[in-house]
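# Coordinates in review
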Amino acid sequence: MREINSELITNTVAQLCIDACHKLPENLVDSFHRAAETEVSPLGKQVLIKLIENDRIARENNVSYCHDTGLTIVYAEVGQEVHITGGHFNDAIHSGVRKGYAQGFMRKSVVGDPLIRVNTNDNTPAVLHTEIVPGDQIRLTVLPKGGGSEN
């Protein structure tokens, strides 16, 4: 059985939050460039150029690509041969979101209760989807889901 410390999970989630909000995948940015070269609509071309410019600004200034960093969704595949030490798995995930959004200087827009509408000020709780899988590893995927007009 493999032991994984909860602090490693927290730090990994924090970095994934920052990366997900600050860095678009290269293949996506490349597709913006290719599309801008062939786009015939002036408005469409203008939108693509803005997307490319937003990416450049985000990378150069280490800021979020979009101000609406939204609700954090974490997908976790946890190997059945993993033993988590040092703390509870769910707490480690939420601590990672809290840490990532603070360190990444990202907008915190989550409310704890949708009826009371009080901001938690740390972007938790995250939505956590956990699946137990064969093996002795944990695979984490972080998806910031913008709220759009809800914000």
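None of these values were measured; they are calculated from a predicted model. (Residues numbered from 1 in each chain as written. Predicted model: local features only at pLDDT ≥ 70, side-chain atom pairs only at ≥ 80, totals over all residues. Heavy atoms only, no water.)

## Topic: helix α4 (residues 89-103)
Applied cut-off: Secondary structure counts use DSSP, requiring at least four H or I residues in a row for a helix and at least two E residues in a row for a strand, with both numbered from the N terminus. Take the residue count of a helix, subtract one, and multiply by 1.5 Å to get its expected span. For each residue, the accessible area found with a 1.4 Å probe, counting protein chains only, is set against the maximum for its type, and the residue is called buried under 20%, exposed over 50%, and partly exposed in between.
With 15 residues, α4 should reach 21 Å at 1.5 Å per residue; the first-to-last C-alpha distance of 21 Å fits that figure. Inspection of α4 places Phe 89, Ala 92, Ile 93, His 94, Gly 96, Val 97, Gly 100 and Tyr 101 among the buried residues, and these make up the whole buried set. Within two residues after α4, Phe 105 carries a phi angle of roughly 50°, on the positive side.

## A look at the pattern of salt bridges
Put simply, the test is: Just to be clear on terms, a salt bridge is a Lys or Arg side-chain nitrogen sitting within 4 Å of an Asp or Glu carboxyl oxygen.
This model, assessed by the stated rule, comprises six salt bridges. The shortest N-O distance in the salt bridge between Arg 59 and Asp 55 comes to 2.9 Å. Taken as a pair, Arg 59 and Asp 55 lie in helix α3 (residues 42-61) at a separation of four residues, close to a single helical turn. With relative accessibility at 33%, the residue Arg 59 sits in the partly exposed group. Residue classification places Asp 55 among the buried residues on the basis of a relative accessible area of 6%. Note that Arg 56 is salt-bridged to Glu 60, the shortest N-O span being 2.9 Å. Taken together, the positions of Arg 56 and Glu 60, both in helix α3 and four residues apart, correspond to about one turn of that helix. Through salt bridges with shared partners, one network takes in Glu 26, Asp 55 and Arg 59.

## Examining helix α2 (residues 26-38)
For clarity, the threshold we go by: Of all possible arcs, the one meant is that of the directions from the helix axis to the C-beta atoms. Residues are treated as being in contact if the distance between any of their heavy atoms lies within 4.5 Å.
For α2, with 13 residues, the first-to-last C-alpha span of 19 Å sits near the 18 Å given by 1.5 Å per residue. By the burial criterion, the buried members of α2 are Val 29, Phe 32 and Ala 36. Mapping the buried residues of α2 onto a view down its axis gives an arc of 50°, with all of them on the same face. Facing away from the buried surface of α2 by more than 90 degrees, the exposed residues are Asn 27, Arg 34, Glu 37 and Thr 38. On the buried face of α2, the contacting elements are α3.

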